[in-house]
Amino acid sequence: MKKLFKKISFLIVLALAANLLFQTDFTKTASAASSYTYYIKSTANLYSSTKSNAKKLKSIPVNTKLTTTSAKKDKMYKVKFDGKTGYVYASKLSTKLTSVTLYTKDNANLYDNTSKKQKKLISIPVNAKLVTQSVIGSKMYKVTYEGKTGYIYPSKLAAKKVSKVPFGKTVRVGNITVKIDKPINEYGESYLFDGNNSYIALPVTITNYGARDYIGWLSEGYVNNKYYDVFDNWYFAVDYEDKELEGSEMLSKGKSLSGYITLKMAKGKNLEFIYADNYYENFITFYGKN
């Protein structure tokens, strides 16, 4: 009888141990299953509690990764960010990273990595459209430009396109890049010399990075003094030397054109020139002083 009792007792203890182990595993599984990963889809705040008078602890930037065990039906999720635990509104979260569109506000470089030993991959002109899924506010953003993927400094980026740039900058307008350099006041060509040496020339370079297409047009913008002669597009067109060109309007992918804007103007005067694409959908104003 004692042996039978001992055997039954042993079986009960074994069953209890097995049940305890099962419960422990189930608890772990349940805990793991209730952990969810989200990303901030628009700038959010971390609050001290779920109450209406909760204090704002920190701002959380777009694409920050957060983990929570809060139920999906909850209005606010409990998360940990930058060493602080608090609550964020569920409406600010997404299960996927957000693609953020930005534009270069200055000539920039694309680098192969974010370290001090980074190497330049390619130059990027002003107003190039870039898309990133990096955490907004990071040291560098991961982007792809002209088929190359790398990293760019956020100080070179803005949410909107730039409308005006100084002479000397290279600007992206659609598939075309345009650069108007600073005026040349003492150019040796005869058509730039009238006896008083009052003609100036602004070197222009246009490059097509897209499909064969029409180039845009340059025209004089607002100038705080009157021209002695009007802007002369013929000089600009005549200096084009490209066999792919048709009627000084078409340009093939990878091709560049160089020419000059010429006019009469005294030194020290301000001037502006506007480049518009062939469809007049994109504009950029170049400005400077003679």
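Residues numbered from 1 in each chain as written. Predicted model: local features only at pLDDT ≥ 70, side-chain atom pairs only at ≥ 80, totals over all residues. Heavy atoms only, no water.

Concerning the layout of surface pockets
- The volume enclosed by the largest pocket comes to roughly 190 Å³.
- Considering the residues around the largest pocket, the lining is formed by 14 residues, among which Ser123, Pro125, Thr170, Thr177 and Tyr209 are closest to the centre.
- Taken together, the elements giving at least two residues each to the lining of the largest pocket come down to β10 (120-124), β17 (176-180) and β18 (199-208).
- Residue composition of the lining of the largest pocket, grouped by class: seven nonpolar, six polar and one charged. (1 Å grid on protein atoms, 1.4 Å probe; cavity = no way out; pocket = protein on both sides within 12 Å on 5 of 7 lines; lining within 4 Å. Points joined across faces, edges and corners; volume = space filled by probe spheres on them. Helix = DSSP H or I, 4+ residues; strand = E, 2+ residues; numbered from the N terminus. Nonpolar A, V, L, I, M, F, W, Y, C, P; charged D, E, K, R; others polar.)

Some details on the environment of alanine 44
- When you line up the elements, alanine 44 lands in strand β2 (residues 44-47).
- A relative accessible area of 2% places alanine 44 in the buried class.
- Along the primary structure alanine 44 and tyrosine 89 are separated by 45 residues, whereas in three dimensions their C-alpha atoms are 7.8 Å apart.
- With sequence-adjacent residues up to four places away left out, alanine 44 is seen in contact with Lys58, Ser59, Ile60, Val88 and Lys92. (Buried < 20%, exposed > 50% of the residue type's maximum accessible area, 1.4 Å probe, protein only. Contact = heavy atoms within 4.5 Å.)

Description of the confidence of the model for the protein
- Looking at the protein, the pLDDT average stands at 79 and 70% of residues meet or exceed 70.
- Contacts for the low-pLDDT stretch residues 188-195, under 50 throughout, to residues beyond four places or in other chains number 13 contacts.
- Low pLDDT (under 50) marks residues 222-247, which in the prediction has 61 contacts with non-local residues, meaning those over four places away or in another chain. (pLDDT = per-residue confidence, 0-100.)

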